[in-house]
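Examination of the molecular architecture
Take a look at the letters that make up each chain.
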2 protein chains.
Amino acid sequence: MPSTSYRGKNVPLSPFRKLVPFADKAKEAGKHVYHLNIGQPDIETPLYALQQVRENQLRVLAYSPAVGQLSYRKKLVDYYQKFDIELTPDDIIVTTGGSEAIQFAMLSCFDIGDEVIVPEPFYANYNGFAQIGSLLVRPITCHIEDGFALPPIEAFEAVVTDKTRGIFITNPNNPTGCFYTREDLEKLARLCKAYDLFLFVDEVYREFCYDGQEFFSALRLEGMEDHVIVVDSISKRYSACGARIGALVTRNEGVLEAATRYAKLRLSPPGLAQILAEATLDMGTDYMDQVTEEYNRRRQVVYNRLKGMPGVVSYLPGGAFYCFVKLPVRSAEHFCQWLLESFDHEGATVMLSPGEGFYATPGLGRDEARIAYILNEHDLGKAMDCLEVALEVYKGVEAQLEPVSAL
Amino acid sequence: MPSTSYRGKNVPLSPFRKLVPFADKAKEAGKHVYHLNIGQPDIETPLYALQQVRENQLRVLAYSPAVGQLSYRKKLVDYYQKFDIELTPDDIIVTTGGSEAIQFAMLSCFDIGDEVIVPEPFYANYNGFAQIGSLLVRPITCHIEDGFALPPIEAFEAVVTDKTRGIFITNPNNPTGCFYTREDLEKLARLCKAYDLFLFVDEVYREFCYDGQEFFSALRLEGMEDHVIVVDSISKRYSACGARIGALVTRNEGVLEAATRYAKLRLSPPGLAQILAEATLDMGTDYMDQVTEEYNRRRQVVYNRLKGMPGVVSYLPGGAFYCFVKLPVRSAEHFCQWLLESFDHEGATVMLSPGEGFYATPGLGRDEARIAYILNEHDLGKAMDCLEVALEVYKGVEAQLEPVSAL
């Protein structure tokens with residue numbers, strides 16, 4: 001039998017993937033599972049946009065241009081203008097989800113063995129895309145004590161080598177919810193200029209900023225036109241994860257040219273979903289205002305509940321719909337599995353993402369987990385009940401464990 | 001300014017991409033361009049399938065499972081059964097077009113520097129996907145004189161090295177239209193077993209077989225369960241190129257596991273398009289029967305017209321909707337560009353794909369071109385008129401050229 005490739009056997013997966021079979025078993029056994037492990041919101045996709053799909057009069061569902069429909073890219077120009085980002089349609093390549101934009105960016109800017117600096121914990125799938133492109137991820141550790149704020153710029157500078165080609169951040173951050181300020185970005189920009197690095201910013205949570213903070217896009221950084229590459233997606237802002245429409249945005253002509261070549265290779269982004277995506281840009285701001293307000297309320301629920309749990313360390317995240325939490329357990333992975341396998345509270349349990357998989361540095365995040373506040377306030381409250389009760393019960397469970405088996 | 005990657009600058013593109021600006025200019029100048037250069041049919045997408053998209057009652061367009069909706073994969077099992085292929089839904093991974101299936105297959109089976117044997121001319125985008133995966137393409141040359149029939153198996157065996165991991169073919173073939181028989185596949189199977197190779201078969205043109213020939217899928221090869229990986233797509237058979245729905249099909253568990261990991265990395269295939277794809281499998285056979293008959297007629301038109309053109313060598317292709325043609329010109333690329341830039345017949349011209357880009361061996365295919373018979377019979381006739389007149393006129397043009405500038 002011919003054998004699978006080494007890389008195929010070793011694609012790094014999402015931190016919660018190992019737990020999925022346990023969640024499935026729990027559900028088969030009749031337990032309700034509150035999913036706070038994945039960024040799939042329960043918010044409805046805008047009805048107006050779905051209606052445009054329903055009313056399409058297509059006769060031939062043909063390839064769209066490889067870089068996406070011009071009409072959609074033109075509307076995206078207007079969309080970005082609301083964030084004081086000045087672009088032309090040629091600066092935008094429509095991609096199959098943000099995932100493909102990450103891949104195009106990495107392939108266009110890195111050769112085999114090149115290095116990218118990423119503050120950790122980070123969106124774990126960056127590891128997989130880095131593996132496809134054979135690039136090396138150099139992590140810079142952030143800390144829960146300061147809400148995972150951007151580390152001092154010296155920490156980044158210390159790991160720059162002659163193979164370093166860029167810095168990759170997510171703003172607002174997944175998995176930490178950290179909001180990076182204009183000053184943060186300007187510091188990174190200076191470093192990128194000094195060492196001639198690309199600055200990749202995954203801005204898919206751009207719309208979800210709280211406490212009156214104004215989002216500052218990396219595309220606004222002066223003099224950084226050739227350095228900045230932004231990854232975007234409609235998945236989160238319009239609760240349209242299944243559409244698979246994202247974008248790669250940059251003013252660097254070489255990168256645009258290379259990414260366009262990769263885009264042509266796979267012929268075109270999804271056609272039906274581009275109808276939906278374009279329609280979202282014909283709507284007013286009501287939908288987004290309501291959704292942001294809804295997430296803001298959920299954020300408060302999670303923060304307030306976590307604050308009241310003994311031994312739990314968390315913080316009020318500034319953006320996105322995630323927070324990280326340090327739990328009074330030795331192994332969050334064991335705890336999360338136990339939650340699904342052996343625990344229930346009033347017939348329900350909660351699923352979290354163990355923290356370790358969001359770090360590239362071995363050993364970090366073992367007592368941490370990511371919480372995605374993607375359920376309505378009622379369900380979120382119930383999920384927090386589960387977590388609170390479970391932490392109490394688990395104390396006794398953990399005491400019975402051999403130290404090694406918990407780690 | 002940070003520089004683009006070496007690979008990003010060198011993504012190999014489709015053979016006709018260089019001609020696109022000339023086609024655009026021709027159209028701007030008011031010339032009608034008959035596009036026989038691209039596999040985008042003018043056939044309508046099945047109305048029934050489009051209607052199911054129109055009638056969707058989605059409220060949240062959520063991620064589908066990474067491997068695709070189970071309901072769709074179950075129906076695909078029935079679809080494949082019509083071709084005497086026995087599968088379970090677990091053998092099928094729904095992909096974002098056939099393109100993604102090619103990529104998943106390559107990444108799952110090849111490590112950097114591994115080699116794949118491909119009969120040439122071949123679908124040029126295989127080069128690009130091979131570049132992403134850093135695998136080496138070893139071509140085996142086929143010849144127009146025998147309709148690009150599969151070369152003797154010894155030719156394949158002669159290029160097997162200790163880095164060879166598989167053979168990749170397209171059946172029926174793009175760009176040649178060659179139909180590979182059961183015997184052809186059995187020969188390849190014996191070689192793959194002897195050298196423990198994967199056999200990749202891109203079967204996206206499965207439905208388009210003519211002259212009563214019965215399609216024989218590689219998935220039917222006995223004892224080859226762990227060797228065969230099939231690439232599929234709804235793009236061509238349902239004229240739904242813009243849907244971006246394909247599939248990777250194999251019974252090799254290691255490959256399924258690896259490809260599933262790559263599938264999870266990009267979260268899910270397009271959701272709206274899966275509604276369309278599933279609906280196509282609820283239709284009767286009328287649509288496909290009519291479409292196949294339509295292509296068959298177009299095939300005859302092209303074949304008969306080419307036969308009548310002095311100095312032109314072609315053949316009656318057995319499948320798909322392409323044929324290759326040897327032209328009485330020194331450089332098909334120069335001729336194709338001249339067709340767009342300097343020629344018209346009754347206000348129209350024709351665009352073909354120059355042949356050279358379909359070969360991996362340098363220098364081959366210079367006087368050849370691919371014709372995609374994807375226009376209706378009337379337009380196809382007009383396009384053939386253009387070609388016939390153009391070949392006459394071009395004789396004089398070529399005579400004026402310096403030998404070097406034509407090559």
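Look above for the structure.
The text that follows walks through the structure, step by step, so that each part is easy to find. (Residues numbered from 1 in each chain as written. Chains lettered and ligands numbered in written order. Predicted model: local features only at pLDDT ≥ 70, side-chain atom pairs only at ≥ 80, totals over all residues. Heavy atoms only, no water.)

What about the overall build of chain A?
Counting secondary structure elements, chain A contains 14 helices and 12 strands. Computed over its C-alpha atoms, the radius of gyration of chain A comes to 21 Å, within 12% of the 22 Å expected for a compact globule of 407 residues. Taken over 407 residues, chain A has a buried fraction of 62%. As presented, chain A carries roughly 14,500 Å² of accessible surface, and 50% of it is formed by carbon and sulfur atoms. Charge-centre separation for chain A: the mean point of 40 positive side chains lies 4 Å from the mean point of 55 negative side chains. (Helix = DSSP H or I, 4+ residues; strand = E, 2+ residues; numbered from the N terminus. Rg over C-alpha atoms; globule rule 2.2 N^0.38 Å. Buried < 20%, exposed > 50% of the residue type's maximum accessible area, 1.4 Å probe, protein only. Areas by Shrake-Rupley, 256 points an atom, 1.4 Å probe, with all protein chains shown as cover. Lys, Arg positive; Asp, Glu negative; His and termini not counted. Charge placed at Lys NZ, Arg CZ, Asp CG, Glu CD.)

Some remarks on the sheet that holds strand β5 (residues 164-170) of chain B
Residue and element names in this part refer to chain B. Read across the sheet, 7 strands follow the order β2-β8-β7-β6-β5-β3-β4 without closing on themselves; strand pairing throughout is mixed. The sheet terminates laterally at β2 (92-95) and β4 (136-141), the two strands that pair on one side only. Taken pair by pair, the neighbouring strands of this sheet meet at an average axis angle of 20 degrees, ignoring direction. Pairing of strand β7 (residues 228-233) with strand β8 (residues 246-250) involves 5 bridges; the strand directions are antiparallel. In the strand pairing of β8, Ile-229 is matched with Thr-250. (Pairing = 2+ DSSP bridges. Axes fitted to C-alpha atoms, helices over the stretch in contact; angles between N-to-C directions.)

Some remarks on the environment of Ala-66 of chain A
Residues and elements named next belong to chain A. With respect to the element layout, Ala-66 can be found in the loop between α3 (47-54) and α4 (70-81). Expressed as a C-alpha distance, the spacing of Ala-66 and Ile-144, which sit 78 residues apart in the sequence, is 42 Å. Sequence-distant contacts of Ala-66, that is, excluding residues within four places in its chain, are made with Val-94, Ala-263, Lys-264, Arg-266, Leu-267, Ser-268 and Pro-269. (Contact = heavy atoms within 4.5 Å.)

Quick word on the interface of chain A and chain B
Interface extent is often summarised as the accessible area lost during association of the parts. Every contact between the two is made by 81 residues of chain A and, on the other side, 81 residues of chain B. Taken together, the two surfaces of chain A and chain B that pack against each other cover about 6,600 Å², and 55% of this comes from carbon and sulfur. The interface formed by chain A and chain B includes 46 residue pairs in polar contact (both at pLDDT 80 or more). For the side of chain A that touches chain B, the element with the highest residue contribution is helix α9 (residues 253-265) of chain A, accounting for 7 residues. Residue composition of the side of chain A that touches chain B, grouped by class: 39 nonpolar, 26 polar and 16 charged. (Buried area = accessible area lost by both parts, 1.4 Å probe. Polar contact = N/O pair within 3.5 Å; in protein donor to acceptor, adjacent residues only side chain to side chain. Nonpolar A, V, L, I, M, F, W, Y, C, P; charged D, E, K, R; others polar.)

Examining helix α10 (residues 271-280) of chain A
Here α10 of chain A lies mainly inside the structure; 9 of its 10 residues are buried. Residues Gly-271, Leu-272, Ala-273, Gln-274, Leu-276, Ala-277, Glu-278, Ala-279 and Thr-280 of chain A constitute the buried set of α10 of chain A. Against the buried residues of α10 of chain A lie α3, α4 and β2 (92-95) of chain A together with α3 (47-54) and α10 (271-280) of chain B.

Focus: the relation of the copies chain A and chain B
Once turned by 180 degrees and shifted 0.0 Å along the axis, chain A lies on chain B with an RMSD of 0.0 Å. Here the symmetry operator amounts to a two-fold rotation axis. In terms of proximity to the rotation axis, the leading residue of chain A is Arg-54 of chain A, whose C-alpha is 1.9 Å off the axis. Taken together, the interface assignments show that 100% of the residues at the interface of chain A recur at the interface of chain B, consistent with an identical surface on both copies. (Least-squares fit on C-alpha atoms with pLDDT ≥ 70 in both.)

Topic: the packing of aromatic side chains
Summed over the entire model, instances satisfying the criterion amount to 50 aromatic pairs over all chains. Here Phe-104 of chain A and Tyr-262 of chain A contribute two aromatic rings whose centre-to-centre distance is 6.4 Å and whose plane-to-plane angle is 25 degrees, an arrangement assigned as stacked. Of the two residues, Phe-104 of chain A sits in helix α5 (residues 97-109) while Tyr-262 of chain A sits in helix α9, which places them 158 residues apart along the sequence. Like Tyr-262 of chain A, Phe-104 of chain A is buried. Between the aromatic rings of Trp-338 of chain B and Phe-343 of chain B, the centroid separation amounts to 5.3 Å while the plane-to-plane angle is 35 degrees, which identifies the pairing as tilted. Overall, the relative accessible area of 9% leaves Trp-338 of chain B in the buried class. Among the aromatic residues, those joined into a cluster by ring pairs are Phe-110, Phe-122, Tyr-123, Tyr-126, Phe-168, Phe-198 and Phe-200 of chain A. Above the face of the Phe-83 of chain A ring, Arg-206 of chain A is positioned so that its terminal group lies 5.7 Å from the ring centre. (Phe/Tyr/Trp six-rings, centres within 6.5 Å; stacked < 30°, edge-to-face > 60°. Lys NZ or Arg CZ within 6 Å of the ring centre and 35° of its normal.)

Comments concerning the pairing of β2 of chain A
All names here are of chain A. Burial along β2 is two-sided: the face carrying Ile-92 and Val-94 and the face carrying Ile-93 and Thr-95 are both buried. Relative to strand β8 (residues 246-250), β2 is paired through 4 bridges, and the arrangement is antiparallel. Pairing of Ile-92 across the sheet is with Val-249, part of β8.

Digging into the pairing of strand β12 (residues 368-372) of chain B
Residues and elements named next belong to chain B. Most of β12 is tucked away, with 5 of its 5 residues classed as buried. Where strand β9 (residues 322-326) and β12 come together, 5 bridges link them in antiparallel fashion. Bridging across to β12, Tyr-322 finds its partner in Ala-372. With 2 bridges connecting them, strand β11 (residues 353-354) and β12 associate as antiparallel partners. Across the sheet, Pro-354 pairs through a bridge with Ala-369, a residue of β12.

As for the packing of helix α6 (residues 125-133) of chain A against helix α9 (residues 253-265) of chain B
For the pair α6 of chain A and α9 of chain B, interaxial distance at closest approach is 9 Å and the crossing angle is 120 degrees. By the criterion of interaxial angle, the relationship of α6 of chain A to α9 of chain B is oblique. The two elements α6 of chain A and α9 of chain B meet at a crossing, and its hand is left-handed. Contacts between α6 of chain A and α9 of chain B involve Asn-125, Gly-128, Phe-129, Gln-131 and Ile-132 of chain A from the first element and Tyr-262, Lys-264 and Leu-265 of chain B from the second. Of the residues assigned to the contact of α6 of chain A with α9 of chain B, the class counts are 4 nonpolar, 3 polar and 1 charged. (Parallel < 35°, antiparallel > 145°, perpendicular 65-115°, else oblique. Left-handed = near helix turned anticlockwise from the far one by under 90°.)

Comments concerning the side chain of Thr-4 of chain A
Its location among the elements puts Thr-4 of chain A in the segment before α1 (6-9). For Thr-4 of chain A, a relative accessible area of 9% translates into the label buried. Beyond its immediate sequence surroundings of up to four residues, Thr-4 of chain A is in contact with Lys-9 of chain A together with Ser-108, Phe-198, Gly-254, Val-255 and Ala-258 of chain B.

A look at α6 of chain A
Along α6 of chain A, 9 of the 9 residues are buried, which leaves the element largely enclosed by surrounding structure. Trailing α6 of chain A by a residue or two, Ser-134 of chain A shows a phi angle of about 55 degrees, which is positive.

Some points on the sheet that holds β12 of chain B
Read across the open sheet, the 3 strands follow the order β9-β12-β11 (chain B); overall the sheet is antiparallel. Each of the sheet's edge strands pairs with one partner strand only, and the pair in question is β9 and β11 of chain B.

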